[in-house]
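Geometric and topological summary
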Amino acid sequence: MLEAILLTIATAATPLLLAAIGELVAERSGVLNLGVEGMMIMGAVAAFAVAYTTGNPWLGALAGALAGVSFSLLFGLLTLTLATNQVASGLALTILGLGASGMLGESFVGLPGVKLEAVSIPVLSDLPLVGRLLFGQDPFFYLSILLGIGVWWFLFRSRAGLELRSVGANHASAHALGLKVIRVRYLAVMFGGLCAGLAGAQLTLVYTPQWVENMSAGRGWIALALVVFASWRPGRIVVGAYLFGAVSIGQLHAQALGIGLPSQLLSALPYLATIAVLVLISRDRRATLMNTPASLGQPFVPDR
Amino acid sequence: MIRIEVTRRPQPSRLLSAFSPLIALGLTIIAGSIMFMALGKNPVAALYSYFVEPLTEVWSLHELAIKAAPLILIAVGLSVCYRANVWNIGAEGQFTFGAIFGSALPVLLPGFQGPLVLPLMLLCGVVGGMAWAFIPAVLKVRFGTNEILTSLMLVYVAGLFLDWLVRGPWRSPEGFNFPETIRFHEDAVLPAIWFASGRAHWGFVFAIVAAVAVWFLLERTLKGFEIRMMGQSPRAARFAGFSSGKVVFFALLLSGGLAGLAGISEVSGAIGQLRPVISPGYGFAAIIVAFLGRLNPLGIIAAGLVLALSYLGGEAAQISLGISDKAARVFQGLLLFFVLASDTLIHYRVRLMRTVKAGGGDA
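Presented here is an overview of the structure given in this document.

1. Quick word on the overall build of chain A
Helix and strand counts for chain A come out as 13 helices and zero strands. Secondary structure elements of chain A, listed N to C terminal, follow the sequence α-α-α-α-α-α-α-α-α-α-α-α-α. Rg of the C-alpha trace for chain A: 19 Å, near the compact-globule value of 19 Å for 304 residues, within the 12% margin. C-alpha extents for chain A along the principal axes are approximately 60 × 45 × 45 Å. Buried positions account for 57% of the 304 residues belonging to chain A. Within chain A, residue pairs in contact and separated by at least 24 positions form 75% of the contacts whose partners lie at least 6 positions apart. Summing over all exposed atoms, chain A offers an accessible surface of approximately 12,300 Å²; the carbon and sulfur share of this is 69%. One way to put it: in chain A the 16 positive side-chain charges average out to a point 14 Å from where the 12 negative ones average out.

2. Details of the environment of Arg228 of chain B
Along the chain, the position of Arg228 of chain B falls in helix H8 (residues 222-232). The sequence separation of Arg228 of chain B and Pro173 of chain B amounts to 55 residues, and the corresponding C-alpha distance is 50 Å.

3. Section: the nonpolar core
Counting 198 residues, the largest nonpolar core has Phe140, Leu205 and Trp221 of chain A together with Ile74, Tyr82 and Phe291 of chain B as the members making the most contacts within it. Per-element accounting of this core gives the leading share, 13 residues, to helix H9 (residues 181-207) of chain A. Leaving out residues up to four positions away in the same chain, Tyr82 of chain B has contacts with Trp87, Asn88, Ile89, Ile287, Ala290, Phe291 and Leu295 of chain B.

4. Some points on the packing of aromatic side chains
Residue and element names in this part refer to chain B. One pass over the full model with this rule turns up 21 aromatic pairs over all chains. Arranged with centres 4.9 Å apart and planes meeting at 50°, the rings of Tyr50 and Phe331 form a pair that is tilted. In this pair, Tyr50 sits in helix H2 (residues 43-51) while Phe331 sits in helix H13 (residues 327-347), placing the two residues 281 residues apart along the sequence. Take Tyr50: its relative accessible area is 0%, and that puts it in the buried class. These aromatic residues form a ring-pair network of at least three members: Phe97, Phe101, Trp132, Phe161 and Trp164.

5. Considering unusual backbone geometry
All names here are of chain A. Even without a glycine there, the phi angle at Ser231 is positive, about 50°. With a phi close to 60°, Trp232 is a non-glycine residue in the positive phi region. Tracing the sequence through the fold places Trp232 in the loop between helix H10 (219-229) and helix H11 (234-257). Using a relative accessible area of 4% as the deciding quantity, one classes Trp232 as buried.

6. Remarks on the interface of chain B and chain A
With 47 residues of chain B at the contact, the number on the chain A side is 48 residues. For the chain B and chain A pair, buried surface summed over both sides reaches about 4,000 Å², with 78% attributable to carbon and sulfur atoms. Of all residues in chain B, the largest losses of buried area upon contact with chain A belong to Leu149, Met153 and Phe337 of chain B, amounting jointly to 17% of the total for that side. Seen at the junction of chain B and chain A, the total is three salt bridges. The salt bridge partner of Glu213 of chain A is Arg329 of chain B, with a shortest N-O separation of 3.2 Å. The interface formed by chain B and chain A contains eight residue pairs in polar contact (both at pLDDT 80 or more). Counting residues per element, the ones that place at least two in the side of chain B that touches chain A are strand S1 (2-8), helix H5 (117-143), helix H6 (147-167), helix H11 (282-292), H13 and strand S2 (348-354) of chain B. Considering every element that reaches the side of chain B that touches chain A, the biggest residue donor is H6 of chain B, with 12 residues. In the side of chain B that touches chain A, the residues fall into 31 nonpolar, seven polar and nine charged.

7. So, a nonpolar patch on the surface
On the surface, Leu15, Phe19, Leu22, Ile23, Leu27, Ile30, Ile34 and Met37 of chain B cluster together into a nonpolar patch covering about 770 Å² of accessible area. Of note, Leu22 of chain B is situated in helix H1 (residues 14-38).

8. Quick look at the side chain of Asp138 of chain A
All names here are of chain A. With respect to the helices, strands and loops of the structure, Asp138 is situated in the loop between helix H5 (131-135) and helix H6 (139-157). Of the side chains with opposite charge, Lys115 lies nearest to the buried Asp138, which makes no salt bridge, at 7.1 Å. Among the polar contacts made by the side chain of Asp138, one reaches the main-chain amide nitrogen of Phe140 at a distance of 3.0 Å.

9. Regarding the side chain of Ser282 of chain A
Topologically, Ser282 of chain A is positioned in helix H12 (residues 263-282). At 3.4 Å, the side chain of Ser282 of chain A forms a polar contact with the backbone oxygen of Phe143 of chain B. Polar side-chain contacts of Ser282 of chain A include one of 2.8 Å to the side chain of Thr145 of chain B. When near neighbours in sequence (up to four residues on either side) are disregarded, Ser282 of chain A contacts Thr288 of chain A together with Phe143, Gly144 and Thr145 of chain B.

10. Details of helix H7 (residues 203-220) of chain B
All names here are of chain B. Compared with an ideal rise of 1.5 Å per residue, which puts 18 residues at 26 Å, H7 spans 25 Å between its outermost C-alpha atoms and is within 8% of the ideal. Residues of H7 that are buried: Gly203, Ala207, Ala210, Ala211, Val214, Leu217 and Leu218. Across the axial projection of H7, the buried residues extend over an arc of 135°, all falling on one side. When the buried face of H7 is taken as reference, the exposed residues oriented beyond 90 degrees from it are Val209 and Arg220. Among the structural elements, helix H3 (58-83), H8, helix H10 (244-271) and helix H12 (297-321) are those in contact with the buried residues of H7.

11. Considerations on empty space enclosed by the protein
A water-sized probe rolled over the atoms picks out the places where empty space is left. All names here are of chain B. In this structure the tally under the stated criterion is one cavity of 30 Å³ or more. Approximately 70 Å³ is the volume found for the largest cavity. Along its surface, the largest cavity is lined by Leu25, Thr28, Ile29, Phe51, Val306, Leu307, Ser310, Phe331, Gln332 and Leu335. Contributing elements (two or more residues each) for the lining of the largest cavity: H1, H12 and H13. A per-class count over the lining of the largest cavity returns seven nonpolar, three polar and no charged.

12. Details of the packing of H3 of chain B against H11 of chain B
Residues and elements named next belong to chain B. As a packed pair, H3 and H11 sit with axes 8 Å apart at the nearest point and diverge in direction by 65°. For the element pair H3 and H11, the recorded crossing hand is right-handed. Facing Lys67, Pro70, Leu71, Ile74, Ala75, Leu78 and Tyr82 of H3, the residues of H11 in contact are Tyr282, Gly283, Ala285, Ala286, Ile287, Val289, Ala290 and Phe291. The class makeup of the residues in the contact of H3 with H11 is 13 nonpolar, one polar and one charged.

Cut-offs used in this document
- Residues numbered from 1 in each chain as written.
- Chains lettered and ligands numbered in written order.
- Predicted model: local features only at pLDDT ≥ 70, side-chain atom pairs only at ≥ 80, totals over all residues.
- Heavy atoms only, no water.
- Helix = DSSP H or I, 4+ residues; strand = E, 2+ residues; numbered from the N terminus.
- Rg over C-alpha atoms; globule rule 2.2 N^0.38 Å.
- Buried < 20%, exposed > 50% of the residue type's maximum accessible area, 1.4 Å probe, protein only.
- Contact = heavy atoms within 4.5 Å.
- Areas by Shrake-Rupley, 256 points an atom, 1.4 Å probe, with all protein chains shown as cover.
- Lys, Arg positive; Asp, Glu negative; His and termini not counted.
- Charge placed at Lys NZ, Arg CZ, Asp CG, Glu CD.
- Core = buried A, V, L, I, M, F, W, Y, C linked by side-chain atoms within 4.5 Å.
- Phe/Tyr/Trp six-rings, centres within 6.5 Å; stacked < 30°, edge-to-face > 60°.
- Buried area = accessible area lost by both parts, 1.4 Å probe.
- Salt bridge = Lys/Arg side-chain N within 4 Å of Asp/Glu carboxyl O.
- Polar contact = N/O pair within 3.5 Å; in protein donor to acceptor, adjacent residues only side chain to side chain.
- Nonpolar A, V, L, I, M, F, W, Y, C, P; charged D, E, K, R; others polar.
- Patch = residues over 30% accessible without salt bridge, like charges linked within 9 Å, V, L, I, M, F, W, Y side chains within 5 Å.
- Expected span 1.5 Å × (residues − 1).
- Arc of directions from axis to C-beta.
- 1 Å grid on protein atoms, 1.4 Å probe; cavity = no way out; pocket = protein on both sides within 12 Å on 5 of 7 lines; lining within 4 Å.
- Points joined across faces, edges and corners; volume = space filled by probe spheres on them.
- Axes fitted to C-alpha atoms, helices over the stretch in contact; angles between N-to-C directions.
- Left-handed = near helix turned anticlockwise from the far one by under 90°.

These values are about where atoms sit, not about what they do.
Given below as structure tokens:
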């Protein structure tokens, strides 16, 4: 029973973790992309459509990733090349994504999806207690954990990561030092799109293998909140994603048990928890200011 | 290789500042035509049923006013927020909460009738919207919590609260178990402006009045100056003795109140009862309206009509050409994209450059 619950928590946490880790990299480079929800839902619909048509969930995952990346390029074109307001452009991406996915997915509503099955790692998955939990999961789970570790290593142990962080901390100085600010940011935004697209693909290939309009249900926004909650640190993102996974699974179990509370109140818990967590973390203004990438959200146009 | 190069203009271009929304509309129409062709539809016929057909009949002009009213009301409030650099994106939730608060009177006290009912309902609607916007405001001012995320999260909470009300305590006993409240009695219904020709209600008048009033506030009063200054240069505004906290409260409460008024006007004037879904995304479409109107309340009147037209056109094109009504939302998203891109032209010169590699080899 406990193992089953923990497994579902991991499944609920994985899309949050994937999307948040991608957004973390984008924000560390100084770009605030509020379009996570839009990129995620495009990834979800693309993954479903391709997996359903070809019968191959791996191709679906690839399509989800590509949809996320191409949507993020649209955002890059606006905010990085044309130096538009990042907040407004991110909202545009979300609005466009929700609309376009609704239209593209219309013919797939109610169809049975293709599930990307769990891949058990031989020997390790037979370990007592943690075996199935850590080594008997779906590929998205492994990928999310690897990305969490990989991004930590990249940001804090590699030269390219240092450059990315300096672009986010002060783009004028980074430019003066000869770093390609716009190029670095494009790559970071594309990585964010890739991760958000994969997060969406996880929803339609693993979490609930079907297509429902607006099925991301605010997960992209929760991922954005996770980045703030984590103070832009990869390790804390993992913790935060699993906390939120636990809240959303917990409320589902509470609904199933029928504990006297209205189901709507329980459904609202993840959103209320997001607000509570944001308030708790932002109360310490000093720490927040210290961790926030200083150029976050500011457009950069090099002087020529 | 061809690349896009952007250089800052010495001064914002006045000409483009006036024309950028039109450029954006033109680009949206081009992109939309391509989309229709990709769907295998005749783009001319599709554009006609989107943007012309709804304007040819009196009843659909009334529908246009009904749809434009909430869009304009909400967007006018958002323009104040965005000018002040306060990013309220939860207007949909404030709309819902205004609708709930305002409906409490006719739903809970159906026996209370008379000419006082409607003004009280509208007042409650405004208060409800303000109350919902007060939460992100107080969290931002008191704790520095990001208002983008809190206001958005509250949209989901408001929607679930409405859902609970209409399925639970407020469900109509005569409604055959449908999730809806009782229908409002006559005194609780916002009347039509001009009964003889159609059902457009007073919400549209509220929208126009609000737009003109907020335009006056922003352009002609000290408060408006304070708001604009806080948005453009918060440091200078603080040196001038303006309080950023007060501006945050003012902007969020004003926009929340207007969204709440939009909510109760829609429920009382157009729907006549509460249901689980009372808005086709007005709170989000109003963000597009605000930017298309260049954050100017008078421009927002025109922009609100354009977006309302896209809703109506979506329905018309679905009936006459079998184009999915979801296409309207794609249109709206594209429009915001092109609006933002065109606004770049005001402050920057955009040129297509050919990059020539040093060393002379062909690149």
